Amino acid sequence: MECPHCQSQKTIKNGKHHHQDGKSIQNYLCKGCGKRFSERTGTPMSRLRTPANVVSFALKMRSEGMGIRASGRVLEKSHVSIMRWEQKLATQSQQWSPPAPAGSDITVEGDEVYTRVGENLPPHSEKGWTVTFIERKSRFWIEARAGLKNTELFAKATKTAWQWAKASQYIRWFTDGERRYAQQLWQMATVYLKSTEVSREYGHRKVWRHGLEVAIKIKGSQGHPRVEWLKPEHPYTAISDKSDVHANHNEANNSALRRRCSAYRRRQNLYAKNTEGLQRTVTVQRLVHNWVRPHVGLGKNKTPVMAIGLYHRPISMLELLSLRGFSSLTP
Ligand SMILES: [Zn+2]
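Draft legend 1. Examining empty space enclosed by the protein more closely. If you walk through the whole model with that rule in mind, you get two cavities of 30 Å³ or more. In terms of lining, the second largest cavity is formed by Arg-62, Ser-63, Glu-86, Cys-261, Thr-281, Val-284 and Gln-285. The residue makeup of the lining of the second largest cavity, split by class, is two nonpolar, three polar and two charged.

Draft legend 2. Representation of the side chain of Glu-178 in the model. In this fold, Glu-178 is placed in the loop between β7 (170-176) and α5 (180-188). Here Arg-180 takes part through its side chain, which lies 2.7 Å from a polar atom of the side chain of Glu-178. Ignoring anything within four residues of it in the chain, the contact list for Glu-178 reads Glu-112, Lys-149, Phe-154 and Ile-216.

Draft legend 3. Spotlight on the domain arrangement of the chain. Segmentation of the chain into domains returns domain 1 (1-41) and domain 2 (105-250). Computed from C-alpha atoms alone, the centre-to-centre distance between domain 1 and domain 2 is 44 Å.

Draft legend 4. Highlighting the pairing of strand β2 (residues 24-30). β2 sits mainly inside the fold: six of its seven residues count as buried. Relative to β2, strand β1 (residues 11-18) is paired through six bridges, and the arrangement is antiparallel. Bridge pairing in β2 places Lys-13 opposite Tyr-28. Linking β1 back to β2 in an antiparallel pair, the connection comprises five residues, with Gly-22 at a positive phi of about 95°. Relative to strand β3 (residues 36-38), β2 runs antiparallel, the two being bridged by three bridges. Each bridged residue has a counterpart across the sheet, and for Tyr-28 the counterpart in β3 is Phe-37. Between β2 and β3, which follow one another and run antiparallel, lie five residues, and Gly-34 among them has a positive phi close to 80°.

How each quantity is defined
- Counting of residues starts from 1 at the beginning of each chain's written sequence and follows it residue by residue.
- For a predicted model such as this one, the threshold for reporting local features is a pLDDT of at least 70, and the threshold for listing and counting side-chain atom pairs is 80 or more; totals across whole chains, interfaces and linings nevertheless cover every residue.
- The side-chain quantities take in all heavy atoms of the structure and omit both hydrogens and water.
- Computed over the protein atoms alone on a 1 Å grid, cavities are sets of points where a 1.4 Å probe fits but cannot get out and pockets are open sets with protein on both sides within 12 Å along at least five of seven lines; a residue lines them when it has an atom within 4 Å of a point.
- Grid points are joined across faces, edges and corners, and a volume is the space filled by probe spheres set on the points.
- Each residue gets one label: Ala, Val, Leu, Ile, Met, Phe, Trp, Tyr, Cys and Pro are nonpolar, Asp, Glu, Lys and Arg are charged, and the others, such as Gly, are polar.
- Numbering of helices and strands runs from the N terminus, with a helix taken as a DSSP run of H or I at least four residues long and a strand as a DSSP run of E at least two residues long.
- We define a polar contact as two N or O atoms separated by no more than 3.5 Å, with the added condition that, inside protein, one atom must be a possible hydrogen donor and the other a possible acceptor, whereas residues neighbouring each other in sequence contribute only through side-chain atom pairs.
- Residues are treated as being in contact if the distance between any of their heavy atoms lies within 4.5 Å.
- For the purposes of this description, domain bounds are those given by an automatic or database domain assignment.
- Three exposure classes are used, based on accessible area relative to the maximum for each residue type with a 1.4 Å probe and protein chains only: buried under 20%, partly exposed in between, and exposed over 50%.
- In this analysis, strands are considered paired if DSSP registers two or more bridges between them.

Right under this line is the structure:
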């Protein structure tokens, strides 16, 4: 077993410890750095005494939309414990977020969903927004960033989504009318054209990277949406049909989010009253969506991770809880 501290392969078994439910956990000693660790070190199950299947049940209930107190009552666990288990998994989200396969052809959809956080506040008070990005065809959920609706929120979410997408060859980047997505992207995804690449008539010097197309769909006042391409594309980038510019699949994903995350459904709720709580719950939802729950519409028993070609089978909630991320999965 690889050392979680120094990644050395030179590790030896070093006894077991036994849990009250009878499960024994293997301990290891690393010959590389001298540190001790167990098979659970670096996983969401580390330092938990509760049996893994109970934690797994709790997170399954939560990801199907049960409230945190209701889940606690069913399992005879405190809601604080359940929040802690969710947090432990959410903390691992980086290890479960492999980038898009290099050379792929993808469509990124960006959208936002509003939630009341704490008191019943009107939307313009700028609280409880979640910026979401998905890949259209695979329904891979790239990012969900909860917070105040400000430029920083868009900047962070856009950065994550671009880091995820950039190894792809062709990227269509379609969002709703919010222009801040494109503003942030322009900082990261532009190139300067060389005079040897294009004729002088093309004019634009700074353009989107080759293969990247950026457009927004603006909801019109009379129900007539308008499509707008932003900033000049690279002269060799093909442009999509107007009818392809939308974030419809992301909107559908956001309605699923309202069904499946109680924090996004409540008019008033106690446990997601701050954005950290919202972030925790939406991150768990995102990991389950990508890895565990097959998505209807992708074909039989197919998860978004499988659809985009990052892994070959759905994984179980138990695997999500007991591994150190996707790199620990057997190929
Ligand atoms: Zn080590």
